[in-house]
Amino acid sequence: MAKAKVATTSLCGCFGCHMSLLDIDERILELIELVDFDRSPINDFKEIQGPVDIGLIEGGCANEENVKVLQEFRRHCKVLISVGDCAINGGIPAMRNMVPLAECYEEAFLKGPTVVNPSGKVPDDEEIPLLLDKVYPAHEVVKMDYHLPGCPPSADTLWAALTALLTGKPVDLPYELVKYD
Amino acid sequence: MSPESAAFVTGVCEALDNDPTRLLDILLEVEAQFGHVGGEVMDLIAETLKVPRVQVEGVVSFYAFLHSEPRGKVVIRLCNDVIDRLRGADRVAEALEDELGIHFGETTPDGLFSLEHASCIGMTDQSPAALVNDVVVPSLGSSKARRGIQVLKEKGDFDELQKLLIRDHGDGNNAHPLVRSAVRNNLRQPGAVIFGPKTKPGAALERALAMSPAEVIRELKTARLRGRGGAGFPTGMKWEFTRAAGGDERYLICNADEGEPGTFKDRVILTERPDLVFEGMTVGGYALGARQGILYLRGEYAYLRPLLEHVLEERRASGLLGHDIQGKPGFDFDIRIQMGAGAYICGEETALISSMEGKRGDPKTRPPFPAQEGYLGKPTSVNNVETLCCVARILEMGSGWFSSMGTPASTGTKLLSISGDCSRHGIYEVPFGITLREVLEMCFADEPFAVQIGGPSGQMVGMEAFDRKICFDDLATGGALMILGAGRNVVEIAAEQLRFFVHESCGYCTPCRVGNVLLLERLEQILAGNGEAADLDYLEQLARSVKTTSRCGLGQSSPRPVLSTLENFREEYEKLLIEPVDGQLASFDINTALGPAKALTGRDSVHFEQQGGER
């Protein structure tokens, strides 16, 4: 039987969830027995190669590129999982949702205390993705199949959820893995 | 604040013994005098009553009829419930905004007019309706609204406006010199119990006083009388619990805060049968061993207060209230009227009690039930207006007479408040057990498509339910029947009803405060054509959570518009749904999301063309 394909990406996240995935430590050897990685920061593929069984999304959507990547994941992944609080709620980046977008741009490119910008203009370079009007959680942009909460979800949580999905068992996380106080 | 104003405020407080539990009455009087309750006035009231200032401000901010900012001399409150809107309230709203040049929630710069919305003022049988200051203006069309404003602008005289708006008085006691209102009773079908032949005041009381209090309660149990507010709790049992609760101070409260949109039966009872209500209350006073009864009258019915006070005076004069009533030594009982101030939640009995105690109308945690610890912590029975009328009739005519009407488990008659798409809106007194179909024929509903039974907190049923019976075991209702004809969008109506609950939620518990907003958002998404099948599951799950986890009856019934329409009109939702493409949500619009950034950077998107989709 062919190994399952897994793809991962960090949208507007801090890569903390990916670090947490690496915290499965030596179990990564077991994981490699079960899966092949498609697009992921782990192998540095920039594009999705083909049909994917499980997609892991870290971070919410803050700009046009995030939306593009997320929609692409949705098109190619059978099962798509919001991993961590930013994908689920928008997280820390969503704190800007309380501030008008013009003020965000102003602070970032014009008036911030460490900004040096002799042009005095908001840059219009295509390399800088356009920001969305606010930060959206993943499930407000595409349909998400599962949500794994946590900041980040612990390695054990990720391990338990992934292995359950890969071996066709119900994702039944014990209380210790989804409690946060 | 001038010394005269300060003297007025302290005078009002003193007249009520500087009693903090009468804070609502004090604030209503101050608002009536100054048009609002300003910051300095709140300070003074707090100081005089020796309560924290935040308590005063909390109460002012809670009620729709109290304001901390000055408003216009003429305040127009247009009713915006579902039925009023179906019958053109939005056109009236547009006319008013256009004529005055302000939006709802604003006051004209000259300080003459304010425009506000009211949730439901109990006039759905003569909608659209508005309250102009305290005056009820029923059947208000947009041209009448325009003319009214023009007259007032020209003459600057409120009396002139009143003359124009109220050309002729309504029928019955609406034309009484103490009422003089344009409201019509629309009493389409009187029945044997409430609107049967009028009898001499005191007739029921006389029979009650010949029995012991326990025998009076037994009589109600034999009649199998159940509460008419909607829940249907056996009245005899409620009184027995209250009487058994001990202590020597007990209260009987008549809940005349009928606020369920589409209900107006208490309005007609209080207009035409006030004696019967007070008779029932007095019998209750005797049965419970209470010395004080309180009628909690909703602020919207303030126009009935002079009549009610007059009837109370008459009853005192003929020895039906006061000391040693009807010569019964030691039976002292009197009734006072407590005005409400425009809060739907106060119809819930524990919130009503909070409100009467001078607090925000927040519901209390039960148990303890009011029968153990109610008003001022004393055993209290809260009964519906119609229930108390039944009590009086049962005592007068006997429990056998009463229980011979209706069905075995739902005895007697029920008042139905019928409005919506039918040609004869109004009050129908029918025996319990009547089928919905018979009711619809009675009121000439031509093409009924759906019926909202029991107001927004009741249920919406379709044709397959038309042969069901109106009684506590089948279609239970507090009496509101809103009829929706063919062509009405039930999903839109469910959303409208949810808006009502979002507005009326007291905000105390999260499921109700937040859950209803989320439900409404998703409904609006579906209505905008962006819903998909999974959204119906989401609505169902969330609605169940709100229903099970809310603290009081408001939150527990607030998701019912969604649940009952999903159950009975699922195909109406399904018509609005779309198939998602590639798992993308139609509710997310990339062009809207990128609009501001495009304007700020002056460039187009690299990934998305204007029409959506990838470049």
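Here the structure is a predicted model, which means the values were calculated and not measured.

Parameters at a glance
- Residues numbered from 1 in each chain as written.
- Chains lettered and ligands numbered in written order.
- Predicted model: local features only at pLDDT ≥ 70, side-chain atom pairs only at ≥ 80, totals over all residues.
- Heavy atoms only, no water.
- Buried < 20%, exposed > 50% of the residue type's maximum accessible area, 1.4 Å probe, protein only.
- Helix = DSSP H or I, 4+ residues; strand = E, 2+ residues; numbered from the N terminus.
- Pairing = 2+ DSSP bridges.
- Right-handed = clockwise from strand over helix to strand, strands pointing away.
- Patch = residues over 30% accessible without salt bridge, like charges linked within 9 Å, V, L, I, M, F, W, Y side chains within 5 Å.
- Areas by Shrake-Rupley, 256 points an atom, 1.4 Å probe, with all protein chains shown as cover.
- Salt bridge = Lys/Arg side-chain N within 4 Å of Asp/Glu carboxyl O.
- Lys, Arg positive; Asp, Glu negative; His and termini not counted.
- Charge placed at Lys NZ, Arg CZ, Asp CG, Glu CD.
- Contact = heavy atoms within 4.5 Å.
- Buried area = accessible area lost by both parts, 1.4 Å probe.
- Polar contact = N/O pair within 3.5 Å; in protein donor to acceptor, adjacent residues only side chain to side chain.
- Nonpolar A, V, L, I, M, F, W, Y, C, P; charged D, E, K, R; others polar.
- Phe/Tyr/Trp six-rings, centres within 6.5 Å; stacked < 30°, edge-to-face > 60°.
- Axes fitted to C-alpha atoms, helices over the stretch in contact; angles between N-to-C directions.
- Parallel < 35°, antiparallel > 145°, perpendicular 65-115°, else oblique.
- Left-handed = near helix turned anticlockwise from the far one by under 90°.
- Domains from an automatic or database assignment.
- pLDDT = per-residue confidence, 0-100.

### Regarding the pairing of strand S7 (residues 292-297) of chain B
In the case of a regular strand, side chains alternate between the two sheet surfaces. Residue and element names in this part refer to chain B. Most of S7 sits out of view: five of its six residues are buried. Pairing of strand S6 (residues 251-256) with S7 involves six bridges; the strand directions are parallel. The residue bridging Cys254 from the neighbouring strand is Leu295, located in S7. Two strands pair when backbone bridges link them, and S7 and strand S8 (residues 334-339) are joined in this way by six bridges, in the parallel orientation. Looking at S8, one finds that Ile294 is bridged to Arg336. Running through helix H14 (residues 305-317), the crossover from S7 to the neighbouring parallel element S8 is right-handed.

### Thoughts on a negative patch on the surface
On the surface, Asp23, Asp25, Glu26, Glu30 and Glu33 of chain A cluster together to form a negatively charged patch. Residue placement: Glu26 of chain A occurs in the loop between helix H1 (16-22) and helix H2 (27-34).

### Looking at helix H3 (residues 39-49) of chain B
All names here are of chain B. Val41, Met42, Leu44, Ile45, Ala46, Thr48 and Leu49 are the residues of H3 that are buried. Lining the buried residues of H3 we find helix H1 (3-15), helix H2 (23-34) and helix H4 (53-62). Once H3 ends, the next one or two residues include Lys50, with phi positive near 60 degrees.

### Digging into the pattern of salt bridges
Residue and element names in this part refer to chain B. All told, the structure shown has 47 salt bridges over all chains when counted by the stated rule. Its salt-bridge partner being Glu496, residue Arg499 comes within 3.0 Å of it at the nearest N-O pair. Residue Arg499 and its partner Glu496 are both found in helix H19 (residues 490-504); the two are separated by three residues, about one turn of the helix. Notably, a salt bridge pairs Glu524 with Arg499, separated by 3.2 Å at the nearest N-O pair. Of this pair, Glu524 sits in helix H20 (residues 510-527) while Arg499 sits in helix H19, and the two are 25 residues apart along the sequence. For Glu524, a relative accessible area of 35% corresponds to the partly exposed category. Among the charged side chains, a network of salt bridges with common partners joins Arg85, Asp90, Glu492, Glu496, Arg499 and Glu524.

### Quick look at the interface of chain B and chain A
Each partner contributes residues to the interface: chain B has 21 residues there, and chain A has 27 residues. For the chain B and chain A pair, buried surface summed over both sides reaches about 2200 Å², with 64% attributable to carbon and sulfur atoms. Considering only the surface of chain B that becomes buried against chain A, Phe588, Leu600 and Arg603 of chain B emerge as the three largest contributors, covering 27% of it. Our count for the chain B to chain A interface comes out at two salt bridges. Residue Arg603 of chain B pairs with Glu64 of chain A through a salt bridge whose shortest N-O separation is 3.6 Å. Connecting chain B to chain A are nine residue pairs in polar contact (both at pLDDT 80 or more). The residue makeup of the side of chain B that touches chain A, split by class, is 10 nonpolar, six polar and five charged.

### A few points about the packing of aromatic side chains
Residue and element names in this part refer to chain B. Going through the model one piece at a time under the given rule, you end up with 12 aromatic pairs over all chains. Each ring, one from Phe8 and one from Phe34, has its centre 5.7 Å from the other, and the planes form 75 degrees; the classification is edge-to-face. Of this pair, Phe8 sits in helix H1 while Phe34 sits in helix H2, and the two are 26 residues apart along the sequence. Residue class for Phe8 comes out partly exposed when judged on its relative accessible area of 25%. Look at Phe432 and Phe472: their rings are 5.1 Å apart centre to centre, the planes differ by 40 degrees, and that puts the pair in the tilted class. Of this pair, Phe432 sits in the loop between strand S11 (426-431) and helix H18 (436-442) while Phe472 sits in the loop between strand S13 (459-462) and strand S14 (480-485), placing them 40 residues apart in sequence. Assessed through its relative accessible area of 12%, Phe472 is described here as buried. In this structure an aromatic cluster arises from ring pairing among Tyr286, Phe331 and Phe333.

### A short note on the packing of helix H10 (residues 213-223) of chain B against helix H13 (residues 274-288) of chain B
Residues and elements named next belong to chain B. Packing of H10 against H13 brings their axes to within 7 Å, and their N-to-C directions diverge by 125 degrees. Relative to H13, H10 is oriented oblique. Between H10 and H13 lies a crossing of left-handed hand. Where H10 abuts H13, its residues Pro213, Val216 and Ile217 lie against Val283, Tyr286 and Ala287. Grouping the amino acids of the contact of H10 with H13 by side-chain chemistry returns six nonpolar, no polar and no charged.

### Considering the domain arrangement of chain B
Residue and element names in this part refer to chain B. When its domains are assigned, chain B resolves into domain 1 (3-62), domain 2 (74-170), domain 3 (199-403), domain 4 (413-488), domain 5 (491-574) and domain 6 (581-615). Each partner contributes to the interface: domain 4 provides 14 residues, whereas domain 5 provides 12 residues. Buried area between domain 4 and domain 5, both sides added, is near 1000 Å², and the carbon and sulfur share of it is 62%. When the buried area of domain 4 at its contact with domain 5 is split by residue, Pro456, Ser457 and Met460 rank highest and sum to 52% of it. For the pair domain 4 and domain 5, the number of links is zero salt bridges. For the pair domain 4 and domain 5, the number of links is four residue pairs in polar contact (both at pLDDT 80 or more). For the side of domain 4 that touches domain 5, the secondary structure elements donating two or more residues are strand S12 (448-453), S13 and S14. A total of four residues in the side of domain 4 that touches domain 5 trace back to one element, the largest contributor, which is S13. Its residues placed into classes, the side of domain 4 that touches domain 5 shows seven nonpolar, five polar and two charged.

### A few points about the sheet that holds strand S10 (residues 413-420) of chain B
Within a sheet, each strand pairs with its neighbour through backbone hydrogen bonds, oriented either parallel or antiparallel. All names here are of chain B. Overall, mixed pairing links the six strands, which are arranged S5-S11-S10-S14-S12-S13 in an open sheet. The open sheet is flanked by strand S5 (187-189) and S13, the only strands paired with a single partner. Each strand axis lies, on average, 30 degrees off the axis of its neighbour in the sheet, ignoring direction. Pairing of S10 with S14 involves four bridges; the strand directions are parallel.

### Remarks on the confidence of the model for chain A
Put simply, chain A has an average pLDDT of 93, and 99% of its residues get 70 or more. Taking the mean pLDDT of every element in chain A, the minimum, 91, falls on H2 of chain A and the maximum, 97, on strand S4 (residues 61-63) of chain A.

### As for the sheet that holds strand S5 (residues 77-83) of chain A
All names here are of chain A. Within the open sheet, the five strands sit side by side as S2-S1-S3-S5-S7. Their pairing is parallel. If you trace the sheet from one side to the other, it starts and ends with strand S2 (35-37) and strand S7 (146-148), each paired once. With strand direction ignored, the average angle separating the axes of adjacent strands in the sheet is 30 degrees. Sheet topology places S5 next to S7; three bridges connect them, and they run parallel. Its bridge partner lying in S7, Val83 is registered against Leu148. Taken strand by strand, H2 contacts strand S1 (4-10) and S2, and its axis lies near 95 degrees from that of S2.

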